[in-house]
There are 2 protein chains.
Amino acid sequence: MKTVAVVGGTHGNEFSGIYLLRKWQQQPERIARNSFTTQTVFANPKAFEENKRYLDVDLNRQFGLDDLNNPALANYEQSRAKVINQQLGPKGNAKTDYIIDLHNTTSNMGPTLILLQTDAFNRQLGAYVKARMPEAVVVLEDQTSVEEHLFLSSITPQGVIVEVGPQSQSVLRQDVLDWMETMTQHILDFIELHNTDAVPELPASYEAFKYEETLKLPEDEHGERIGMVHRNVQDADFKPLRPGDPIYTLFDGTEVCWEGDYEAYPHFINEAAYYDNNLAMSLARKVTVEV
Amino acid sequence: MKTVAVVGGTHGNEFSGIYLLRKWQQQPERIARNSFTTQTVFANPKAFEENKRYLDVDLNRQFGLDDLNNPALANYEQSRAKVINQQLGPKGNAKTDYIIDLHNTTSNMGPTLILLQTDAFNRQLGAYVKARMPEAVVVLEDQTSVEEHLFLSSITPQGVIVEVGPQSQSVLRQDVLDWMETMTQHILDFIELHNTDAVPELPASYEAFKYEETLKLPEDEHGERIGMVHRNVQDADFKPLRPGDPIYTLFDGTEVCWEGDYEAYPHFINEAAYYDNNLAMSLARKVTVEV
């Protein structure tokens, strides 16, 4: 891997990545490594100026191949996606080898590394980051191929999402900023070790969370929200949720229990940005990744 | 007191009050009492629709007498302020006796009752709420007269702000919602007891936090932020901050210590909404309120 891009501000009100880019422009040695070049990309500066996640549509869902090639999709984020795809891609034949896309969540997810595939490189990367940062959580979103993903980090054949919280939108927390920088450094270190055939011995396996499904908030027949995440589940990201456990409280006081048939691990619980679509949380299954 | 107004959605992305108003429209008996009438007011519905704190200006700073009487101030919130002032006021000669204005904060303030004056009624109210809700915190913002305050709740000669967090903007947490409803119920109960000369015996005194000053985030000469709230202070609302304690971390890693000369109690720490003005936190002094 010869060319790496670190992307911040894909969502304009997720401040950690945006401020880290500023810091690294002052101190470029922090993200420089010998075996590759590192560039930084500020993905959605206009959304940051307006202190919003996006102006027209979620930028991090605009990187499907058909959409990138459809000139009729011309709003601000659709246009930004095409520009970023030209700059780092194009998807399918990218001039960049690796993208690290930096995100915040309002959910209590800690420092989370989202892997989009589970080939040997990614399995080792997860092991390396977890070995050096025990508080890190690895989530696998390999339910679809990288090409089929709509994420910015799907422009390149390899890439990750660094997702750190809890942090309110439009706020900068030092703990969250430090976690994000530390995780990014470990990823860059791992690429350097990989490039120089110097990856150290890694644990034989580790625990990760494989995306399974997304749950909606309770709605009435008109699509109006009639309930909220149950207080037992709030902030309990990556804690087990078992069939029959309370999951929602309706505004009339009724408790709703989860009717699933497996031990689930909720995350992105009550994420502010997902309210647009009345989403309550994502569920994962706990898996063991063999390195 | 014969007429009470409970106001929600003064800020459009503070969801707890907005959803409580909906709940109480379904179950009006929850806010009804025998000795007074209770109405609900949804202060900024358009900001809620757009999922923003406000469209043009902060509605909760538009209730100065001069501004209310200045027809040139005509943007959305300035207009809403005039309408609400007509509906509940007018300020100085209000047809409503009492306003409870419901707010959320992204800061870790728990259920906070903000009193705007410290006459016998308010001193007793604070004692009553704290006696029934030990987790409640009382903040005194009596540094200016009610008439000089710019808050919505300054329309009436008596009124309070219920301020509950931590809750991200545009999110609904069950714990925060429950705290807000519980505190509102206690306030309504106290007015009922006051009206019927039935206020029970109260503790002789209690602890409260008197507003002292507001601190800005570190800025460079161009007004650009160059630092953030120190990790020791983050989430430590109403915990003592002493002269010499670290208070900010600059992006270059430098720790900045507080140079005050008293034992301060920070609150509204790293509140998302205050970033517009680069505010870092408010400071209070701990005081004893004699009932």
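- Labelled according to an unreviewed UniProt entry, chain A appears under the name Aspartoacylase, originating from Photobacterium atrarenae.
- Recorded in UniProt for chain A, the comment headed Sequence similarities (unreviewed entry) runs: "Belongs to the AspA/AstE family. Aspartoacylase subfamily."
- The UniProt entry for chain A carries the following comment under Cofactor (unreviewed entry): "Zn(2+)".

### Digging into the nonpolar core
- In terms of nonpolar packing, the biggest core is built from 61 residues, with Tyr98, Ile100, Leu113, Leu125 and Ile187 of chain A together with Met281 of chain B touching the most fellow members.
- Broken down by element, this core gets its largest block of residues, 9 residues, from helix H6 (residues 174-195) of chain A.
- With residues up to four places along the chain from it excluded, the contact list for leucine 125 of chain A reads Tyr98, Leu113, Leu115, Val160, Ile187 and Phe190 of chain A.
- In this structure, Leu215 of chain A together with Val4, Phe190 and Leu202 of chain B belong to the second largest nonpolar core, which totals 60 residues.

### Some details on the interface of chain B and chain A
- Across the contact, 33 residues belong to chain B and 33 residues belong to chain A.
- Applying the counting criterion to the chain B and chain A interface returns 6 salt bridges.
- Of all the secondary structure elements, the ones that give two or more residues to the side of chain B that touches chain A are helix H1 (15-26), helix H6 (174-195) and strand E8 (227-229) of chain B.
- Residue classes in the side of chain B that touches chain A are distributed as 10 nonpolar, 11 polar and 12 charged.

### Some details on the relation of the copies chain B and chain A
- Expressed as a screw operation, the relation of chain B to chain A combines 0.0 Å of axial shift with a rotation of 180 degrees, fitting to an RMSD of 0.0 Å. This pairing of chains is accounted for by a two-fold axis. Among all residues of chain B, the one whose C-alpha sits closest to the rotation axis is serine 168 of chain B, at a distance of 2.5 Å.

### Points about the UniProt feature "domain: AstE/AspA barrel-sandwich hybrid" (unreviewed entry) in chain A
- UniProt records the feature "domain: AstE/AspA barrel-sandwich hybrid" (unreviewed entry) at residues 205-286 of chain A, using the numbering of this structure.
- Overall, residues 205-286 of chain A shows 0% helix and 41% strand. The separation of its end C-alpha atoms is 13 Å.

### Side note on the sheet that holds strand E10 (residues 255-257) of chain A
All names here are of chain A.
- With antiparallel pairing, 3 strands are arranged side by side in an open sheet as E8-E9-E10. Bordering the open sheet on either side are strand E8 (227-229) and E10, each of which pairs with just one other strand. When strand polarity is set aside, the average angle formed by the axes of neighbouring strands in this sheet is 30 degrees.

### Overview of the packing of helix H5 (residues 120-132) of chain B against H6 of chain B
Residues and elements named next belong to chain B.
- Where H5 meets H6, the axes come as close as 10 Å, and the angle between the chain directions of the two elements is 130 degrees. The orientation of H5 with respect to H6, classified from their angle, is oblique. By crossing handedness, the relation of H5 to H6 is classed as right-handed. Contacts from Phe121, Gln124, Leu125, Tyr128, Val129 and Arg132 of H5 reach H6 at Met183, His186, Ile187, Asp189, Phe190, Ile191, Leu193 and His194.
- Considered class by class, the residues forming the contact of H5 with H6 number 9 nonpolar, 3 polar and 2 charged.

### So, the domain arrangement of chain A
Residue and element names in this part refer to chain A.
- Split by domain assignment, chain A resolves into domain 1 (3-203) and domain 2 (207-290).
- Between domain 1 and domain 2, the C-alpha centre-to-centre distance is 25 Å.
- Of the residues lining the interface, 21 residues belong to domain 1; the matching set on domain 2 comes to 20 residues.
- Surface buried jointly by domain 1 and domain 2 totals about 1,700 Å² across both partners, of which 54% is contributed by carbon and sulfur atoms.
- Area buried by domain 1 at its contact with domain 2 is led by Asn108, Met109 and Leu140, which between them contribute 27% of it.
- The tally of links between domain 1 and domain 2 comes to 12 residue pairs in polar contact (both at pLDDT 80 or more).
- Elements supplying a minimum of two residues to the side of domain 1 that touches domain 2: strand E4 (110-115), helix H5 (120-132) and strand E5 (137-140).
- For the side of domain 1 that touches domain 2, the leading source of residues is E5, giving 4 residues.
- A per-class count over the side of domain 1 that touches domain 2 returns 7 nonpolar, 7 polar and 7 charged.

Thresholds applied
- Along each chain, residue indices are assigned from 1 in the same order as the chain's sequence is written.
- Going through the entries in the order they are written, you letter the chains from A and number the ligands from 1.
- Reporting in this predicted model follows two pLDDT cut-offs: at least 70 for local features of residues, and 80 or more for side-chain atom pairs to be given and counted; totals over whole chains, interfaces and linings ignore these cut-offs and use all residues.
- Calculated side-chain values reflect all of the structure's heavy atoms, with hydrogen atoms and water omitted.
- UniProt positions are given in the numbering used here, feature names are shortened, and annotations may be inferred rather than shown by experiment.
- Among buried residues, the Ala, Val, Leu, Ile, Met, Phe, Trp, Tyr and Cys ones that are joined through side-chain atoms within 4.5 Å form a nonpolar core.
- Under the scheme applied here, a residue whose accessible area is under 20% of the maximum for its type counts as buried, over 50% as exposed, and between as partly exposed, the area being computed with a 1.4 Å probe on protein chains only.
- Under the DSSP-based scheme used, a helix requires at least four consecutive residues in state H or I and a strand at least two consecutive residues in state E, with every element numbered from the N terminus.
- Note on definitions: a residue-residue contact is assigned when non-hydrogen atoms from the two residues lie within 4.5 Å.
- Any Lys or Arg side-chain nitrogen found within 4 Å of a carboxyl oxygen on Asp or Glu counts as a salt bridge.
- Polar here means any residue other than Ala, Val, Leu, Ile, Met, Phe, Trp, Tyr, Cys and Pro, which are nonpolar, and Asp, Glu, Lys and Arg, which are charged; Gly is therefore polar.
- The atoms used to superpose the copies are C-alpha atoms, taken from residues with pLDDT of at least 70 in both, and the fit is least squares.
- A strand pair is defined by DSSP finding two or more bridges across the two strands.
- With axes taken as lines fitted to C-alpha atoms, and helix axes fitted only over the stretch in contact, angles between N-to-C directions fall between 0 and 180 degrees.
- Roughly parallel means an angle under 35 degrees; roughly antiparallel, over 145; roughly perpendicular, 65 to 115; everything else is oblique.
- For any helix crossing, the convention is left-handed if the near helix is rotated counterclockwise from the far helix by under a right angle, and right-handed if that rotation is clockwise.
- Note that the domain bounds reflect an automated or database-derived domain assignment.
- When two parts are brought into contact, each loses some accessible area as probed by a 1.4 Å sphere; the total of that loss over both is the buried area.
- A 3.5 Å cut-off defines polar contacts: any pair of N or O atoms within that distance qualifies, except that in protein one atom must be a possible hydrogen donor and the other a possible acceptor, and neighbouring residues in sequence count only when both atoms are side-chain atoms.

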